[in-house]
Structure formats: structure tokens, C-alpha cells
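The chain contents come next:
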Amino acid sequence: MGVKKAKDGKPTINDVARIAGVSKKTVSRVINRSPLLNEATREKVEAVIADLGYVPNPQARALALRRNFLIGLIHDNPNAQMVLGVQEGILSAIRDTEFALVVRPVNRRSPDMLDDVRTFLEQQRLFGVLLLPPISENDALAELCDELGVTFVRMGSVRLDEDAHMVASNDREAVVKALEYLIGRGHRRIGFVAGPEGFRSAAERALGYRDALDKAGLALDPAIMAEGNYTFETGIAAGEKLLAVSPRPSAIFASNDEMAAGVVHAARKQGLSVPEDLSIVGFDDTAIAAHIWPPLTTVRWPIQAMAKAAAIKLIDPAEARRQPSHFLSDLIERASVASA
């Protein structure tokens, strides 16, 4: 018997249900990736969908779910390279799906931030949101998502929530390894460019710096410590400050690549050669690390992998349980470090 199609000639959800021998609700659960199905039923329904060429109506699905097929990326982060890496990770997860990405910058210092986010979530009816640091560290924001029934995942440098709602890296330990690498190359006077106050990533990386010095029995010298804002310009300013100290450091660790590139610029401006006169290590392994000269030795923060796992947790309940919540960073050796 042939399939009785809708007036426009396209197969309907009722056709799929009848041929698969299941209810319309079961078909809907398969389409919406509900975990409340056994694999045999899921595979049978998916086979019928493929055989018929049935394409779910996204508007109808959105209406039924009372949510749009939109993943929101909410951030207040000055590091454009980091945000770009997150976007790439999300887009790789939602490729070939009906989902789309919406990016929403916010001002974490505004007293109206929570109200602004509430309005955004209510208007857009998002399927889920990924919260970037530092706003991911705001428990009130996570509670707001819960209140509105919006699935969320928080990205951070430490554990912030239950595994279903987080992806995190090991920044503190990764910085220790980076400093141990410099110490192993004979460096004993190592300058430090911290990230901005209020960022947990900045705090974790600063703790890693202190841990490494303490472990190696090296004194902490505030004179060769400076703070930046995760931007190239603040890296230049921090580099100028540290290189004006006498004796100057033989190596500098910067808490992200943008600032490390700024330190390279400051060193060149003073006629210093990298790495012959000054070794430099960054953090993140964003594009700038490989593009500057010399190419930057840096800690690879697995930002795209973290963002991809976070997006899968948001869009696919069945697959979410198989996604990791903790990610390890690796040191990428390039040409910006020489022996002291």
C-alpha cells in the first residue's frame, strides 16, 4: 500500500507513525532525541523517516516544544580569539542539524545584567545556552536558566556545577607544567602577567604560577608580576613594566596568548630578541600563537573540544552522558623559549 501523503505531497509524522507501528508521540520523541526510548525503537523509526524522506517541520516542532532550535552563547569576555574558538566548537557540534547559534554579549558589571539575560531568554525561547567565563561563575545566572527551564552548560577553569551542566579545564596544573618547563630550561627569574581581577581563570593561572615557584624553591617577587586584561594592549603595558625591572626576568609567562604577543612586542621595542634575550610562554593556543614571530610556546586550552562537548550536552540528551566534563591542557612547544 502506498503512503498517503499530505496535500503538498510530503510525508507526514502520521505516515511515519503508521508504517513504523508506533504512536505519533513516539515518533516525536525520536525526532526530539528523547532519551526515553530503547535503541531498537529509535532505529526502526529513524529507518522509516529515512525511507520516506520525512523532514520535520521546524516551526511546528518549536511550537510543540515551546522552544526555538537556537543555542545561545552568552559571554562577557574581552578575548575575541577565545570567543571565536568557542563559536567554532559549537558550530561543529550543530553542523547538519536544525540548530543555529545566537551570540549575546553582556556586561557582567551592570546591575541590570540578570534582567537583560532574563529578557533575552524569554524572547528567544532558546533550546539551551552556553555560559562563558567569567559570567559562568555567577550562580544566580545558572539559577535563572533553571527557573526559566532553559538547559545550560557552564564553561570554566574549575568545576562549577554537576557534570551535566559544565565543562572545565585544569588551568592551575597546566600552568605548573609550563613553569616547570621554563625552570627545566634553566630559568629562575620568571615574570608573570596575570589576567583580570574577577576571572576565575586568571586566579587559577596565578595559583599555578605560585605553586610552581614554591615547588621549585624559588622566591615570589612582586616586582616581576603585572596584571593585564587578556588583551594585546595590556600585554604590551605589562611587558614594558616587567622589562624595566633590574635585573629583568629571563622569561615571562603570560596568562593568555594575546598578552604574550604584547610582551613580544614590548621586548622587540626595547631591542631585545625573543627567545635569545627573553623567553615567553602564553596560554590558550589561539591563532595568534602560531602567527606571530617567533611562534609562541603556549599552553593549549582545549577550547573547541570543550565548546563542542558543551553544545552536544545541550542538544542531544542521549549523547550528553557520554560527553566528558573535564579537559586537560597540553604545553605546545614552539620557538619562543631558549635555555637561560
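Read on for an overview of the structure. If you're wondering where the values come from, they're calculated on a predicted model, not measured in any experiment.

1. Concerning the overall build of the protein
Here comes step 1: The secondary structure content of the protein amounts to 14 helices and twelve strands.
Here comes step 2: The principal-axis extents of the C-alpha atoms in the protein amount to approximately 85 × 40 × 35 Å.
Here comes step 3: In the protein, 71% of the contacts between residues at least 6 apart in sequence involve partners at least 24 apart.
Here comes step 4: In the protein, 41 positive and 43 negative side-chain charges are present, and the distance between their average locations comes to 6 Å.

2. Quick notes on the packing of helix 2 (residues 24-31) against helix 3 (residues 39-52)
Here comes step 1: Close contact between helix 2 and helix 3 brings their axes to 10 Å; oriented N to C, the two are set at 90 degrees. Viewed along their axes, helix 2 and helix 3 adopt a mutual orientation that is roughly perpendicular. Of helix 3, the residues touching helix 2 (which contributes Thr26, Val27, Val30 and Ile31) are Thr41, Arg42, Val45, Glu46 and Ile49.
Here comes step 2: Of the residues belonging to the contact of helix 2 with helix 3, the class tally is five nonpolar, two polar and two charged.

3. Side note on the packing of aromatic side chains
Here comes step 1: Scanning all chains against the criterion turns up six aromatic pairs.
Here comes step 2: Centroid distance Phe199 to Tyr230: 5.4 Å. Interplanar angle 85 degrees. Geometry classified as edge-to-face. In this pair, Phe199 sits in the loop between strand 6 (190-194) and helix 9 (200-216) while Tyr230 sits in the loop between strand 7 (225-227) and helix 10 (232-243), placing the two residues 31 residues apart along the sequence. In this structure, Phe199 and Tyr230 share a single accessibility class: buried.
Here comes step 3: Here the aromatic residues Phe69, Phe99 and Phe127 are joined through ring pairs into a cluster of three or more.
Here comes step 4: Arg205 extends its terminal NZ or CZ atom over the ring of Phe283, reaching a point 3.8 Å from the ring centre.
Here comes step 5: Geometry around Trp301 places Arg205 over its ring, the cationic atom sitting 5.5 Å from the centre.

4. Notes on helix 7 (residues 139-148)
Here comes step 1: Listed as buried for helix 7 are Leu141, Ala142, Leu144 and Cys145. All buried residues of helix 7 fall inside an arc of 155 degrees around its axis, so they share one side. Opposite the packed face of helix 7, turned more than 90 degrees from it, sit the exposed residues Glu143, Asp146 and Glu147.
Here comes step 2: Of the residues flanking the start of helix 7, the one acting as N-cap is Asn138, its side-chain oxygen 2.9 Å from the backbone nitrogen of Ala140.

5. Here we look at the environment of Ala237
Here comes step 1: Counting through the fold element by element, Ala237 comes out in helix 10.
Here comes step 2: Classification of Ala237 by relative accessible area gives partly exposed; the value is 44%.
Here comes step 3: Once the C-alpha coordinates of Ala237 and Val263 are considered, the two residues, 26 residues apart in sequence, prove to be 7.9 Å apart.

Calculation notes
- Residue positions within a chain follow its written sequence, with the count starting from 1.
- Restriction of local features to residues with pLDDT of at least 70 applies here, the model being predicted, together with a cutoff of 80 or more for giving and counting side-chain atom pairs; totals for whole chains, interfaces and linings are based on all residues.
- Based on all heavy atoms of the structure, the side-chain values leave hydrogens and waters out of the count.
- By the criteria applied, helices consist of DSSP H or I runs no shorter than four residues and strands consist of E runs no shorter than two, each listed in order from the N terminus.
- In what follows, a contact means two residues having at least one pair of non-hydrogen atoms within 4.5 Å.
- Under this rule, positive means Lys or Arg and negative means Asp or Glu; His and the chain ends count for nothing.
- The atom standing in for a charge is NZ when the residue is Lys, CZ when it is Arg, CG when it is Asp and CD when it is Glu.
- For every element, the axis is a line fit to its C-alpha atoms; helices are fit only across the contacting stretch, and the angle between N-to-C directions ranges from 0 to 180 degrees.
- When an angle is under 35 degrees it counts as roughly parallel; over 145 it counts as roughly antiparallel; between 65 and 115 it counts as roughly perpendicular; any other value is oblique.
- Following the grouping adopted for this structure description, the nonpolar residues are Ala, Val, Leu, Ile, Met, Phe, Trp, Tyr, Cys and Pro, the charged ones are Asp, Glu, Lys and Arg, and the polar ones are all others, Gly among them.
- Here a pair means two rings of Phe, Tyr or Trp (six-membered ring of Trp) with centres within 6.5 Å. Their orientation is stacked below 30 degrees between planes, edge-to-face above 60, and tilted elsewhere.
- The buried label applies to any residue whose accessible area, calculated with a 1.4 Å probe on protein chains only, is under 20% of its type's maximum; exposed applies above 50%, and partly exposed to all values in between.
- In our convention, an over-ring charge means Lys NZ or Arg CZ found within 6 Å of a ring centre and within 35 degrees of that ring's normal.
- Regarding the arc, it is the one traced by the directions from the helix axis to the C-beta atoms.
- Polar contacts, as used here, are pairs of N or O atoms within 3.5 Å; protein pairs need one atom able to donate a hydrogen and one able to accept it. Residues neighboring in sequence count only if both atoms are side-chain atoms.

These figures capture arrangement, not role.
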